[in-house]
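# Residue-level structural notes
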Amino acid sequence: MRRLTPLVLAFGILLTLVAAGPALASSYRYWSFWDGSAGQWAYASLGPSMARPADGSAWGFRFAVSKDAGDEAARPRAAADFGAVCGATPAAEGKKRVAVVVDFGLPADAPSGEEPPQDAPRTACAQIAPDATAAEALAAVAKPLRYNSAALLCAVSGYPKQGCGEPLAEGPGTASSPATATASGPADGRDSASPAGSGSGSGSGPSAGLLVGIAAVAALAAAALWQSRRRRTR
């Protein structure tokens, strides 16, 4: 039984590290992208330049300090209500109507020296070509837009003036403590605005420290197993 103790201990440490993984994920200051086609905001599975919204749908953009994950990111504060946004806009032949909600977020989430352009979310009805993307819908109602070299959406209507998906230090004061920015921000494999492409590299993946810790525990477990077998052969 004593021979198994190192293995049990090693695997216990490994499970602890894996369980702690999500807690080690960074927060980011970024524009997230939301699909409101079903009447409720859902973290978009595609970036704006890939998503092709249907006529009568609603799509939202929210600037905030959030985790790069659908269950932790800040949702737009206006309802995903196509009728409320586009009800007064008559249908036009050869065009589709898409309700666009742009939420500039809270002052606490603004980069240093900047403030959100307005307190309440902005809504607009975009009339665009039938095959147009959500990025084109946003461009139709909220220019100027700014993207970085990795096609991550950095600014909507010129906000913010600088920065793009910066990872922030964890703990108190997160909203005002930017850490060193990565090249692509919280990219999650989607394009454009994902973490609003939810560009989403991946901000929700395991950290390098976690991977090193797992490797070290695995090595410890292997050494314990080898030592146990060696004793048996004596």
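Procedures and definitions
Residues numbered from 1 in each chain as written. Predicted model: local features only at pLDDT ≥ 70, side-chain atom pairs only at ≥ 80, totals over all residues. Heavy atoms only, no water. Buried < 20%, exposed > 50% of the residue type's maximum accessible area, 1.4 Å probe, protein only. Helix = DSSP H or I, 4+ residues; strand = E, 2+ residues; numbered from the N terminus. Pairing = 2+ DSSP bridges. Salt bridge = Lys/Arg side-chain N within 4 Å of Asp/Glu carboxyl O.

Time to look at the pairing of strand β4 (residues 96-103). Regular strands show a simple pattern: their side chains alternate between the two faces of the sheet. Counting buried positions over the eight residues of β4 gives eight, a clear majority of the element. Covered by surrounding structure in β4 are Lys-96, Val-98, Val-100 and Val-102 together with Arg-97, Ala-99, Val-101 and Asp-103, the residues of both alternating faces. In this structure, strand β3 (residues 57-67) lies alongside β4, joined through six bridges in parallel fashion. If you follow Phe-61 over to β4, its bridge partner there is Val-102. With seven bridges connecting them, β4 and strand β5 (residues 122-128) associate as antiparallel partners.

A full pass over the atoms with the stated rule returns two salt bridges. A salt bridge links Asp-103 to Arg-62; the nearest nitrogen and oxygen atoms lie 3.8 Å apart. Here the residue Asp-103 occupies a position in strand β4, and Arg-62 occupies one in strand β3, the gap between them amounting to 41 residues. Arg-62 matches Asp-103 in its accessibility class, with the two residues each being buried. Across the pair Asp-103 and Arg-77 runs a salt bridge whose closest N-O atoms are separated by 2.8 Å. Pair noted here: Asp-103 is in strand β4 and Arg-77 is in the loop between β3 and α2 (82-86), with a separation of 26 residues, a long-range link. Taking relative accessible area as the criterion, Arg-77 reaches 40% and is therefore assigned partly exposed.

Such coordinate-based values are descriptive only and should not be taken to indicate function.
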